[in-house]
Amino acid sequence: MGKINRELKEIVFIIQSQSNSFHSKRAEDLKRDILKQAADLGKELPTVLLIHQMDKHEGAWTILPLMRDFSVTYGRNSSWVFFCEEDTRIQVLKLLETLGRFDRSKEWFLGKALYDEESTIIHHYAFAENPMVFKFPDFAAGWALSIPLVNKLANKLKSEPLKSDFTIDLKHEIALYIWQKGDGPHLTPVPEFCTDDVNSYKVNHCATTFSNFLPLCGEPVKKEDVFVAVKTCRKFHGDRIPIVKQTWEREAAVIEYYSDYAEISIPTIDLGVPNTDRGHCGKTFAILERFLNQSSSRTPWLVIVDDDTLISIFRLRKLLSCYDPNEPVFLGERYGYGLGTGGYSYITGGGGMVFSKIAVQKLLASKCRCYSMDAPDDMVLGMCFSGLGIPITHSPLFHQARPMDYPKDYLSHQIPVSFHKHWNIDPVKVYFTWLAPNTEDALNGKKDGYNREDL
């Protein structure tokens, strides 16, 4: 027993937590569960850290900026740093046995392997010849770095600081950084790191399981409580708007289309902001002003989408049941800019940006505005909220790209809220396959006889 006793203390658990009250509570629950399992096993308690509490780095959630701290603090007395999400469930004893199979004096990068079936824009078309050769970890299953590898990464970061660059898909970018063009370790797939649901018959061999799917915290938010704003422009009225009308428009009680041209048949509203080819900052801020100033907008939630966003308002209303509309909430798919060197996070626009009314009030009360009308609206909003100390809240259920741009195995443990872009796909078919209200059961059916959610 002495060996295992020593081993548990040598694991540092890092939970990819967020400061929003719903998420921080889930992360705290997971931390308590890990510590309780350790105590029940009669073992010395491991270190369990929550990423959002390590907030001297805005970029802490991108993990690499923390490597030097990990190395300095844990490099001598620990063997593993184990990372997981707030919805990862861990069998501590099984995890110990699993890690025990690996020689902790060597450089190990362990996880559940994902790979691209075709090269994709979200990974900058990496490994275009054969994207399947490069494996990256599904964070939901947990992943681990041995301390010798942590120390090596910390040394590399000392001599080569992180570039001021975009963070788009963290799990792929971390794997690329560790791989170091082939000089570093590849991801070693570990079958005990699982994303099967806790109730699946397969879980007996799993050290980790996962259950995120679509959280529901009581009654879904009322239809009337979600104001939906669609950004469009005259050249897309004919091809994109009909798709919105054929697919998800009927799910929205309050929806307005904002354009550079008022067309009564849709109808679109001309905000008096000319269309720009690039970022739509001016248009987005005009939408935010209108949302606040309209008498009908006692509405607690605002969603801004592009005219080629496919979204399930039905599912979004369930998801929003978990958030407090009295908190400043800015929710969607989180990207980052320059996080290795300070920088800021933002919600990427194409997947849909969700605001609580309080967040919009605080933003507009500040003097933070577009530095030009065609600045990228999502990035400016990220900068503004960062300056106000209002955190970005990430949900993996919003997607900036199309379903085929993500590994099938990654999507299999989600009930998605949105996808984006109509390139080379039939968007109506994508909507009815992935997002329509009655597809939940079909998505459940892909599983091994357990439900993603009791509907």
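All chains use their own residue numbering, which begins from 1 and follows the written sequence. A pLDDT threshold of at least 70 governs which residues receive local features in this predicted model, and a stricter bar of 80 or more applies before side-chain atom pairs are shown or counted, although totals over entire chains, interfaces and linings include all residues. Side-chain numbers come from the whole structure's heavy atoms, not from hydrogens or water.

Asks: Now, about the environment of Phe-166: what can you tell me, with residues and values included?
Replies: Considering the arrangement of structural elements, one finds Phe-166 in strand β9 (residues 166-167). Placed 172 residues apart in sequence, Phe-166 and Gly-338 show a C-alpha to C-alpha distance of 6.2 Å. Any two residues whose heavy atoms approach within 4.5 Å at even a single point are treated as in contact. Those residues in contact with Phe-166 that sit more than four places away from it in its chain are Glu-173, Gly-336, Tyr-337, Tyr-346 and Met-379. The helix count covers DSSP runs of H or I at least four residues long, the strand count covers runs of E at least two residues long, and both are numbered beginning at the N terminus.

Asks: So, a nonpolar patch on the surface: which residues are in play, and what are the values?
Replies: The grouping of Ile-121, Tyr-125 and Trp-423 at the surface amounts to a nonpolar patch, some 290 Å² of accessible area in total. Among the structural elements, Ile-121 can be located in the loop between β6 (113-114) and β7 (136-137). The cut-offs for exposure are 20% and 50% of the maximum accessible area for each residue type, with area from a 1.4 Å probe on protein chains only; residues under the lower value are buried, those over the upper are exposed, and the others partly exposed. For Ile-121, a relative accessible area of 34% puts it in the partly exposed group. Think of a patch as exposed residues, more than 30% relative accessible area, with no salt bridge, where like charges cluster within 9 Å and nonpolar side chains (Val, Leu, Ile, Met, Phe, Trp, Tyr) cluster within 5 Å. With residues, only the protein chains shown are counted as cover, and all accessible areas are computed by Shrake-Rupley using a 1.4 Å probe. Any carboxyl oxygen of Asp or Glu within 4 Å of a side-chain nitrogen of Lys or Arg constitutes a salt bridge here.

Asks: Describe the side chain of His-23, naming the residues involved and giving the relevant values.
Replies: By the element assignment, His-23 lies in helix α2 (residues 21-40). Leaving out residues up to four positions away in the same chain, His-23 has contacts with Gln-18, Glu-86, Tyr-323, Thr-393 and His-394.

Asks: So, the side chain of Ser-321: which residues are in play, and what are the values?
Replies: Relative to the elements of secondary structure, Ser-321 occurs in the loop between α9 (313-320) and β17 (330-332). Of the residues examined, Ser-321 reaches a relative accessible area of 15% and is grouped as buried. In this structure Ser-321 touches Leu-216, Cys-217, Gly-218, Glu-219, Pro-220 and Val-221, once residues within four positions along its chain are discounted.

Asks: Explain the nonpolar core to me, using residue names and the numbers behind them.
Replies: Residues belong to one nonpolar core when they are buried, are Ala, Val, Leu, Ile, Met, Phe, Trp, Tyr or Cys, and are joined through side-chain atoms within 4.5 Å. Among the nonpolar cores identified, the biggest contains 85 residues, and Met-67, Phe-70 and Leu-145 are the most heavily contacted of them. Per-element tally for this core: the top contributor is helix α6 (residues 170-179), with six residues. For Phe-70, the residues in contact, after removing those within four places along its chain, are Ile-14, Met-54, Gly-75, Val-81, Phe-83 and Val-150.

Asks: Tell me about the UniProt feature "domain: Fringe-like glycosyltransferase" (unreviewed entry) in the protein, and name the residues and values.
Replies: UniProt positions are given in the numbering used here, feature names are shortened, and annotations may be inferred rather than shown by experiment. In the UniProt entry, the feature "domain: Fringe-like glycosyltransferase" (unreviewed entry) is given for residues 72-158 and 220-430. Split by type, residues 72-158 is 28% helix and 23% strand. Its first and last C-alpha atoms lie 12 Å apart.

Asks: Go over the packing of helix α3 (residues 67-74) against helix α5 (residues 147-159), please, and point to the residues and values.
Replies: Every angle, taken between N-to-C directions, lies between 0 and 180 degrees, and every axis is a line fitted to C-alpha atoms, over only the stretch in contact when it is a helix. Interhelical geometry of α3 versus α5 gives an angle of 125° and a closest axis separation of 8 Å. The angle between α3 and α5 falls in the class oblique. Relative to α5, α3 is oriented so that their crossing is left-handed. Of the residues in α5, those in contact with Met-67, Arg-68, Phe-70, Ser-71 and Tyr-74 of α3 are Ile-147, Val-150, Asn-151, Leu-153, Ala-154, Leu-157 and Lys-158. Each angle is binned into one of four classes, with values under 35 degrees roughly parallel, values over 145 roughly antiparallel, values of 65 to 115 roughly perpendicular, and all other values oblique. Handedness of a crossing follows from how the near helix is turned relative to the far one, being left-handed for an anticlockwise turn of less than a right angle and right-handed for a clockwise one.

Asks: Give me the lowdown on the sheet that holds strand β18 (residues 334-337), citing residues and values where you can.
Replies: What makes two strands pair is DSSP finding at least two bridges between them. Strand order in the open sheet formed by three strands is β9-β18-β19, with antiparallel pairing between adjacent strands. What marks the edges here is a single partner per strand, and that holds for β9 and β19 (344-347). Where β9 meets β18, two bridges bridge the pair, whose relative direction is antiparallel. Bridging from a neighbouring strand, Phe-166 pairs with Tyr-337 of β18. Each of β9, β18 and β19 touches helix α11 (residues 377-388); the most contacted strand, β19, lies at about 125° to it.

Asks: Go over the packing of aromatic side chains, please, and point to the residues and values.
Replies: Within a pair of aromatic rings, the relevant descriptors are the distance that separates the centres and the angle that separates the planes. The criterion for an aromatic pair is that two Phe, Tyr or Trp rings (for Trp, the six-membered ring) have centres within 6.5 Å, with stacked assigned to planes under 30 degrees apart, edge-to-face to planes over 60 apart and tilted to the rest. Per the counting criterion, the structure on display carries 23 aromatic pairs. With centroids separated by 5.8 Å and ring planes inclined at 70°, the aromatic side chains of Phe-13 and Phe-82 adopt a geometry described as edge-to-face. In this pair, Phe-13 is assigned in strand β1 (residues 11-16) and Phe-82 in strand β3 (residues 80-85), connecting sequence segments 69 residues apart. A residue is classified by how much of its surface remains accessible, and Phe-13, at 0% relative accessible area, is buried. On the basis of relative accessibility, which here comes to 0%, the residue Phe-82 falls in the buried class. Arranged with centres 6.5 Å apart and planes meeting at 25°, the rings of Tyr-406 and Tyr-410 form a pair that is stacked. On the basis of relative accessible area, Tyr-406 is assigned to the buried category, the value being 9%. Through pairs of rings, three or more aromatic residues link up here, namely Phe-70, Phe-83, Phe-109, Phe-139 and Trp-143.

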